[in-house]
Amino acid sequence: MTARLKPRPAERRGAVRQAINRRAQYIPVPGALPRDCLVVDLSETGARLYVETPLPDVFTLLVSAEAGDIERACRVVWRLGGEAGVAFVRRRG
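Residues numbered from 1 in each chain as written. Predicted model: local features only at pLDDT ≥ 70, side-chain atom pairs only at ≥ 80, totals over all residues. Heavy atoms only, no water.

Draft legend 1. The nonpolar core, seen in detail. The biggest cluster of nonpolar side chains holds 17 residues, and the ones touching the most others in it are Val-39, Leu-49, Leu-55, Phe-59, Leu-61 and Val-86. Broken down by secondary-structure element, the contributors of at least two residues to this core are strand E1 (18-27), strand E2 (35-42), strand E3 (46-50), strand E4 (58-63), strand E5 (70-80) and strand E6 (83-89). When neighbours within four sequence positions are excluded, Val-86 is seen to be in contact with Arg-17, Thr-45, Gly-46, Ala-47, Leu-49, Phe-59, Cys-74, Arg-75, Val-76 and Val-77. (Core = buried A, V, L, I, M, F, W, Y, C linked by side-chain atoms within 4.5 Å. Buried < 20%, exposed > 50% of the residue type's maximum accessible area, 1.4 Å probe, protein only. Helix = DSSP H or I, 4+ residues; strand = E, 2+ residues; numbered from the N terminus. Contact = heavy atoms within 4.5 Å.)

Draft legend 2. Seen up close, the side chain of Asp-41. Locating Asp-41 in the fold gives a position in strand E2. Residue classification places Asp-41 among the buried residues on the basis of a relative accessible area of 8%. When residues no more than four places from it in sequence are discounted, the contact partners of Asp-41 are Arg-17, Gln-18, Ala-19, Ile-20, Ala-47 and Arg-48.

Draft legend 3. Main features of the packing of aromatic side chains. Tallied over the entire structure, the rule returns one aromatic pair. Note on Tyr-26 and Phe-59: the rings are 5.6 Å apart at their centroids and 70° apart in plane angle, and the pair reads as edge-to-face. Of this pair, Tyr-26 sits in strand E1 while Phe-59 sits in strand E4, and the two are 33 residues apart along the sequence. For Tyr-26, a relative accessible area of 0% puts it in the buried group. You can call Phe-59 buried: its relative accessible area is 4%. The cationic tip of Arg-72 hangs over the ring face of Phe-88; the distance from NZ or CZ to the ring centre is 5.9 Å. (Phe/Tyr/Trp six-rings, centres within 6.5 Å; stacked < 30°, edge-to-face > 60°. Lys NZ or Arg CZ within 6 Å of the ring centre and 35° of its normal.)

Draft legend 4. Summary view of the pairing of E2. Two elements, E1 and E2, share seven bridges in a ladder whose sense is antiparallel. The partner of Gln-25 across the bridge, within E2, is Asp-36. In this antiparallel pair of consecutive strands, E2 and E3, the connection spans three residues. (Pairing = 2+ DSSP bridges.)

Structure, rendered in structure tokens:
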């Protein structure tokens, strides 16, 4: 008897993510002190983060990169333990 492999679910992301494993910070609310996190992977539309502190549903992500600093407004789309998937959102105004 041969084992049947389950088909892999279709990729639902709109953009390919690149593994970066880079230290970053997030600002939970405007005016608050930044808190540390780790950006596991990153794309044009979102990221996967690892955090050791509670992550709010919306926040600002700050990432230093060789090509320049990245600052994005984020919305959490999933959580699993200390990891969270976030989508980048446009700021109004």
